[in-house]
Amino acid sequence: MLAPLLLAATATFAPLILPSAPADAEDVQAQLLSDDLRFAENLARHRYFDMAMSVVGVTRAAVQRLPDSRDLAGEADLIEARILKRVAENTADPDRRLEALTAAVGKLRDWTGPGSIYAYHDRLVDALEDLAELLRNRGTLYAQRALEGDEDSADLADADFRSAEETYRAMRDEAEALASQYEELEETDKATTLRTRAINTFYFQGLNSIEWAEVADDPELRLEQATSQLDDFTWDADDQQLIYYYALYEQARAFDKLGDVDDAREIQLSILDIGGQMYWDYVEELPTEHQGLVAALFDKVW
């Protein structure tokens, strides 16, 4: 059904790049190619993965013919990694999932690594955030294999969780630095969004540490690290948001794994008390997708 759209998109690429196009025409071409990359990402959201990859491939070839192609080339690589991430999320085959995750990790490690030409790219925060999540997801997959008896996978999981931890830190530093720049330019909305994303890294680091504890030589250290990271998140996060209460749940889970049953139960009761007043009592007034998240949270706690 989307094939005609794909043909239309690819058919427009060749005429767009003119040998002696003026500067304003080059800007138009760049914008059209950027739109094509967003189209590819939307195809992947609807699970048209092969078509999405085809659009990225054709777009990349057109981008290379632009006089200044670095930014769009970086965006193409980032979109390709995101397509691979969605492939991994939408397959039940663990081998295929691992293959897609590894391909995406490799692409973003090149993108964000030392000496990368994208060190000052506008999407660096996005790339670091995606890389950290991919590493955590691959670490979780390796950890599952380790728990099933694959000894080699334990070391691979440990390495991925460690790299994810470092990448979340790097992403937070980059987001905070960029937020400061936007504040100087009085672009408050952009700065606020970046500050929020920086705070959210503490939550994801906490999840990473809890999963890491399953294969770590020092599980107690990782669980204590998780409680601290989740505490950092809840200290700065908005307690009007549902993610705040998910963080409390994960913190309670970490305390429980440490054997601190009293602390775990105290946090769970606070979720039922405060979170219940805020969400559960009004759950029917929330959007459908939020109702499911609220129900899932309270099912976990009860």
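Attention here is on the structure that accompanies the text.

How each quantity is defined
Residues numbered from 1 in each chain as written. Predicted model: local features only at pLDDT ≥ 70, side-chain atom pairs only at ≥ 80, totals over all residues. Heavy atoms only, no water. Core = buried A, V, L, I, M, F, W, Y, C linked by side-chain atoms within 4.5 Å. Buried < 20%, exposed > 50% of the residue type's maximum accessible area, 1.4 Å probe, protein only. Helix = DSSP H or I, 4+ residues; strand = E, 2+ residues; numbered from the N terminus. Contact = heavy atoms within 4.5 Å. Phe/Tyr/Trp six-rings, centres within 6.5 Å; stacked < 30°, edge-to-face > 60°. Lys NZ or Arg CZ within 6 Å of the ring centre and 35° of its normal. Expected span 1.5 Å × (residues − 1).

**Remarks on the nonpolar core**
Thinking step 1. The biggest cluster of nonpolar side chains holds 55 residues, and the ones touching the most others in it are V56, I83, L108, W111 and V215.
Thinking step 2. Looking at this core, the elements that each hand over two or more residues are helix 3 (23-45), helix 4 (49-63), helix 5 (70-89), helix 6 (94-112), helix 7 (124-147), helix 8 (151-184) and helix 9 (188-212).
Thinking step 3. Sorting elements by how many residues they give to this core places helix 7 first, with 12 residues.
Thinking step 4. Beyond its immediate sequence surroundings of up to four residues, I83 is in contact with A40, A44, F49, A52, M53 and V56.
Thinking step 5. Residues A237, L248, I271 and L297 belong to the second largest nonpolar core, which totals 24 residues.

**Quick notes on the packing of aromatic side chains**
Thinking step 1. Per the stated rule, a full pass over the model turns up five aromatic pairs.
Thinking step 2. Ring geometry for Y203 against F233: centres 5.6 Å apart, planes inclined by 45°, an arrangement best described as tilted. You can see Y203 sitting in helix 9 and its partner F233 sitting in helix 10 (residues 219-236), a full 30 residues away along the chain. As far as the burial class goes, Y203 and F233 line up, both buried.
Thinking step 3. An angle of 75° between the planes, with centres 5.0 Å apart, marks the rings of Y244 and Y245 as edge-to-face. For the pair Y244 and Y245, a shared accessibility class is recorded, and that class is buried.
Thinking step 4. Counting every residue linked through ring pairs, the aromatic cluster contains Y168, Y203, F204 and F233.
Thinking step 5. The side chain of R172 reaches across the aromatic face of F202, ending 4.0 Å from its centre.

**Some remarks on helix 4**
Because the α-helix completes a turn every 3.6 residues, residues three or four places apart line up on one side.
Thinking step 1. The end-to-end C-alpha distance of helix 4 is 21 Å, a good match for the 21 Å that 15 residues give at a rise of 1.5 Å each.
Thinking step 2. Among all positions of helix 4, only F49, M51, A52, V55, V56, T59, R60, A62 and V63 are buried.

**Overview of helix 8**
Thinking step 1. Between its terminal C-alpha atoms helix 8 stretches 51 Å, which fits the 50 Å expected from 34 residues at 1.5 Å a residue.
Thinking step 2. Once helix 8 finishes, E186 follows within two positions and takes phi at roughly 60°, a positive value.

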